[in-house]
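Summary of structural features
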Amino acid sequence: MGDLHDPAWYLGEDVHQTFAELRRSDPVHWQDMPGEPGYWAVLGYADVVHVSRHPEMYSSWLGGVLLEDPDPATLEDTRRMLLAMDPPQHTAYRKPLVPHFGARVIGRMDQQIRTRCRALLAAAAEKGDVDFCHDVAGPLASETIGEIMGLPHEDAPMIRRWADIALGGQDQEVVDSNPGNAALDMVVYAIAWAAQRRAMPRQEDVTALLLESTFEHGEPMSDVEFGSFFFQLVAAGNDTTRTLISSGTGQLIGHPEQMAAMRDDAGLVPSAVEEMLRFCNPVHYMRRTATGDTELGDKQIQAGDKVAVYYTSANRDEAVFADPQTFDIRRTPNSHLSFGIASHFCLGAHVARLQARVFFEELLSGYSTIELSDTPAKVRSNLTNGYRRLPVRLGR
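Attention here is on the structure that accompanies the text. All residue numbers refer to position in the chain's written sequence, counted from 1. A pLDDT threshold of at least 70 governs which residues receive local features in this predicted model, and a stricter bar of 80 or more applies before side-chain atom pairs are shown or counted, although totals over entire chains, interfaces and linings include all residues. Side-chain figures throughout are based on the complete set of non-hydrogen atoms in the structure, without hydrogens or water.

**Some points on the sheet that holds strand 8 (residues 306-310)**
- Strand order in the open sheet formed by 5 strands is 1-2-8-5-3, with mixed pairing between adjacent strands. Here the strands that pair on one side only, and so sit at the sheet edges, are strand 1 (28-33) and strand 3 (58-59).
- In what follows, a contact means two residues having at least one pair of non-hydrogen atoms within 4.5 Å. In this description, a line fitted to the C-alpha atoms serves as the axis of each element, helices being fitted only across the stretch in contact, and the angle between N-to-C directions of two axes falls anywhere from 0 to 180 degrees. Helix and strand assignments follow DSSP, with helices taken as H or I runs no shorter than four residues and strands as E runs no shorter than two, numbered in order from the N terminus. Running at roughly 125° to strand 8, helix 2 (residues 45-52) makes contact with strand 1, strand 2 (36-42), strand 3, strand 5 (285-290) and strand 8 of the sheet. Should DSSP find at least two bridges between two strands, the strands are regarded as paired.

**Quick notes on the packing of helix 8 (residues 156-167) against helix 12 (residues 223-254)**
- As a packed pair, helix 8 and helix 12 sit with axes 9 Å apart at the nearest point and diverge in direction by 85°. When the interaxial angle is binned, helix 8 and helix 12 end up roughly perpendicular. Across the interface between the two elements, Ile159, Arg160, Ala163, Asp164, Ala166 and Leu167 from helix 8 touch Phe231, Val234, Ala235, Asn238, Asp239 and Arg242 from helix 12.
- Any residue outside Ala, Val, Leu, Ile, Met, Phe, Trp, Tyr, Cys, Pro, Asp, Glu, Lys and Arg is labelled polar, Gly included; the first ten of those are nonpolar and the last four are charged. Of the residues in the contact of helix 8 with helix 12, the class split is 7 nonpolar, 1 polar and 4 charged. Oblique is the label for any angle not under 35 degrees, not over 145, and not in the 65 to 115 range, which are roughly parallel, roughly antiparallel and roughly perpendicular in turn.

**A word on the environment of aspartate 239**
- Position of aspartate 239 relative to the elements: it lies in helix 12.
- Taking the C-alpha atoms as reference points, aspartate 239 and phenylalanine 279, separated by 40 residues in sequence, lie 17 Å from one another.
- Aspartate 239 has contacts with Leu167 and Thr384, leaving out every residue within four places of it along the chain.

**Some remarks on the packing of aromatic side chains**
- Whether two aromatic rings pair depends on their centres lying within 6.5 Å, for rings of Phe, Tyr and Trp, where Trp uses its six-membered ring; planes under 30 degrees apart make the pair stacked, over 60 edge-to-face, and the rest tilted. Following the criterion strictly, the structure yields 14 aromatic pairs and no others.
- When the ring of tryptophan 162 is compared with that of tyrosine 189, the centres are 5.8 Å apart and the planes differ by 65°; the resulting orientation is edge-to-face. Of this pair, tryptophan 162 sits in helix 8 while tyrosine 189 sits in helix 10 (residues 182-198), and the two are 27 residues apart along the sequence.
- Under the scheme applied here, a residue whose accessible area is under 20% of the maximum for its type counts as buried, over 50% as exposed, and between as partly exposed, the area being computed with a 1.4 Å probe on protein chains only. Judged by relative accessible area, tryptophan 162 falls into the buried class, the value being 9%.
- Aromatic side chains tyrosine 189 and phenylalanine 230 sit 5.9 Å apart centroid to centroid with 45° between the ring planes, which places their arrangement in the tilted category. Placement of the pair is tyrosine 189 in helix 10 and phenylalanine 230 in helix 12, with a sequence separation of 41 residues. Each member of the pair, tyrosine 189 as well as phenylalanine 230, carries the same accessibility label: buried.
- The positively charged end of arginine 79 is found above the aromatic ring belonging to tryptophan 61, 3.6 Å away from the centroid.
- Taking NZ or CZ as reference, arginine 278 lies 5.4 Å from the ring centre of phenylalanine 321, over its face. In this analysis the charged atom, NZ for Lys or CZ for Arg, is taken to sit over a ring once it is within 6 Å of the ring centre and within 35 degrees of the ring normal.

All quantities given are derived from atomic positions and should not be read as evidence of function.
See the structure below:
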């Protein structure tokens, strides 16, 4: 069995075989960690759903959402992020944002995203060999979330670089590309951006919404709270969509018969996007902390225990998905958990789905050749699940 906490383990070939064996033999699995308390790895679909639906017993706020215990000095900053809040605080902060990330509002961005996709793909085809992660999928993701937030277009590459580094901190090659503290740089940028926007005429975007809304105790966000919120929304919006598009492209290259079917029938694109999400979920897990003694899968969970729900395992649970180790663009129904479930269902799910749908429509209708030009590399991480590099050659 592998060490599920080890970032290097996810670069190997036995990840899904190990998860399948554990789902059969030990679906709530105790995993030791070096230098700090171990955790319960929750691997079955039903148990992942149960934990996600009971924040009163499995808290995001108590210990954060990462396997590694937070530094006590930064715990309060962590708790300012929406991802690490529990109801009712989470509900109060999330509710004003939901309409601005809804399907109807995001759907109005279709043509803007389509124009952006066409430009990025044309530039990639003209260049020849490109890294799909950083030259195509990354710019699309960061420019879209930047538009939602109302950010200056010229700042998108800098923000994308910070997001990539902040979420790729377990991969030394990624970290070495920036000697500073990318997360702090983004928070500092956000605070300066808030000050700038307060002095400008009002615009219709999420930045204005965050700055004008009142939350706990009827007060607006402080600068630090805005910075933490900004970091989560922008970093997650960048990483999730970049991973979905690049990983999905990698799967289509590896399954040319399914790529051909999508070319012949664009109506397959939505179900293909859902299968990409299931098969290549952008995030491996989320951590919770038990608020009291309880039982899960015949295991005795004690108050204070770490509990990690593994989407990478649940999305291939044989009890829910037929032939789960097979990539199938026609799979339906497809009740994957890649956007989470219950109160922490991903706020940007509609944005990610729209970008992916439009992107693959444009990619497959515009380019007859989509092939690897070199060996891809996965990111070394126990949290994020995607490529660090995906060399691709496009041709018309």
